[in-house]
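Structure assessment
Chain residues, written in single-letter form:
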Amino acid sequence: MANEKKTMSIIVHSGTFDKLMPVFMLASTAASMDTQVNLFFTFWGLNALKKGGLKKAKLPGMMSIGTSMMKGRMAKAKVPTMDEMLKMCRETGNVKIYACSTTMELMHVPKENLIPEVDDIVGAATFMELALNSEVNLFI
Amino acid sequence: MANEKKTMSIIVHSGTFDKLMPVFMLASTAASMDTQVNLFFTFWGLNALKKGGLKKAKLPGMMSIGTSMMKGRMAKAKVPTMDEMLKMCRETGNVKIYACSTTMELMHVPKENLIPEVDDIVGAATFMELALNSEVNLFI
Amino acid sequence: MANEKKTMSIIVHSGTFDKLMPVFMLASTAASMDTQVNLFFTFWGLNALKKGGLKKAKLPGMMSIGTSMMKGRMAKAKVPTMDEMLKMCRETGNVKIYACSTTMELMHVPKENLIPEVDDIVGAATFMELALNSEVNLFI
């Protein structure tokens, strides 16, 4: 059956709340369907992997003021928070979290500042290899 | 020949004119090539499925003022409007339109406010199943 | 071995520095791994193919002021510039550059204004054909 496991790889380039939400929604949903998920956090997306980063993410531009209203609606609709979805992802054992090494250097983010859920710090070539063997690829 | 029909699935996350245009361009083009197309409208993208939503879509941020100029150029170049492309999509019978159930709840959009072209209201798991069986997946 | 060559196709819709960087990073990385790469520059992305366009690209919105700081950090980290990555792409012989014909008409961009590295000016149908035969598809 191992051969039949499908894979989704997402390049997480955005750091805003509206883009990170679907990343974790899709990742936790796919993982619960026994799909392998690879998340590669790069550029603005790297902020989501900093300690406390998921809580700080805001809606983009002038919408940022609406972030807490959106969070309130999500709580009321019993949609899990991103921290909760990250935990769900980890519990399935199907989701790998990668931080982009080049972004860490450019944004001056040392390893110690990243959350412990990061599986590895890799470059574009390593992720490209995963992408070429995935059924679904997304750039978010 | 049924087996040879290819599929493109697009997660339509954006609600701005510049992003919705390629969604409908790609969908109508692929559908006319006898490719199956699945469009899943989520987050800001759901606005496009509200009655009159496609007409209201604007270029992002400070560019929004240029929307009518862009529409004028499109008319002159005989590029169909998004409403026309949606109609073309439907006429091929190859394009399915899905509204995201979670977004409808979070954005307080009742079913009655959506255009009749919506085929179904589904969650992420249903769409994920389609994505895993598509040749092309895009997040727009 | 020809049959084993994999393909990545990217729809380059964005014209900002933060989005064009990963386009050229991914393209040059994949090309160096002997993957065929197709880049289709459309909408804002077409600006990148204008003469001098890559040098003019800026970070989005209010971040635009940080573009030169980012370029300074990239130079210090020995990350190639986008012009250099474009050159690397071309030298592998694995990267095809396509300009969107509809965008050229809508944005009033004549062929003479494009860089000589453009392989062809094509419409959505031509690109769709390439996308349907690619292992990785991205919309950036």
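Preceding this paragraph is the structure being described.
1. Concerning the overall build of chain A
When helices and strands are tallied, chain A shows 6 helices and 5 strands. Across chain A, helices and strands are ordered from the amino to the carboxyl terminus as β-α-β-α-α-α-β-α-β-α-β. Taking 140 residues into account, the globule formula puts the C-alpha radius of gyration at 14 Å, and chain A, at 15 Å, falls close to it. For chain A, the spread of C-alpha atoms along the three principal axes comes to 45 × 35 × 25 Å. By sequence separation, contacts in chain A at least 24 residues apart represent 76% of the contacts at least 6 residues apart. A total of about 6,400 Å² of accessible surface is found on chain A, and carbon and sulfur atoms cover 56% of it. Put simply, chain A has 16 plus and 13 minus side-chain charges, and the middle of one group is 10 Å from the middle of the other.

2. Quick word on the interface of chain A and chain B
In this complex, chain A contributes 25 residues to the contact, which on the side of chain B involves 20 residues. When the two sides are added together, the surface that chain A and chain B hide from each other amounts to roughly 2,000 Å², 76% of it contributed by carbon and sulfur. The interface formed by chain A and chain B contains 5 residue pairs in polar contact (both at pLDDT 80 or more). For the side of chain A that touches chain B, the secondary structure elements donating two or more residues are helix 1 (17-32), helix 3 (67-76) and strand 5 (136-139) of chain A. In terms of residue count, the dominant contributor to the side of chain A that touches chain B is helix 1 of chain A (7 residues). Residues belonging to the side of chain A that touches chain B are distributed by class as follows: 17 nonpolar, 3 polar and 5 charged.

3. A look at the environment of Ala57(C)
Residue and element names in this part refer to chain C. Here Ala57 is to be found in the loop between helix 2 (53-56) and helix 3 (67-76). On the basis of relative accessible area, Ala57 is assigned to the buried category, the value being 6%. For the pair formed by Ala57 and Gly45, sequence separation is 12 residues and the distance between their alpha carbons is 9.9 Å. Excluding residues that lie within four positions of it along the chain, Ala57 makes contacts with Gly15, Thr16, Phe17, Leu20, Thr67, Lys71 and Met82.

Parameters at a glance
- Residues numbered from 1 in each chain as written.
- Chains lettered and ligands numbered in written order.
- Predicted model: local features only at pLDDT ≥ 70, side-chain atom pairs only at ≥ 80, totals over all residues.
- Heavy atoms only, no water.
- Helix = DSSP H or I, 4+ residues; strand = E, 2+ residues; numbered from the N terminus.
- Rg over C-alpha atoms; globule rule 2.2 N^0.38 Å.
- Contact = heavy atoms within 4.5 Å.
- Areas by Shrake-Rupley, 256 points an atom, 1.4 Å probe, with all protein chains shown as cover.
- Lys, Arg positive; Asp, Glu negative; His and termini not counted.
- Charge placed at Lys NZ, Arg CZ, Asp CG, Glu CD.
- Buried area = accessible area lost by both parts, 1.4 Å probe.
- Polar contact = N/O pair within 3.5 Å; in protein donor to acceptor, adjacent residues only side chain to side chain.
- Nonpolar A, V, L, I, M, F, W, Y, C, P; charged D, E, K, R; others polar.
- Buried < 20%, exposed > 50% of the residue type's maximum accessible area, 1.4 Å probe, protein only.

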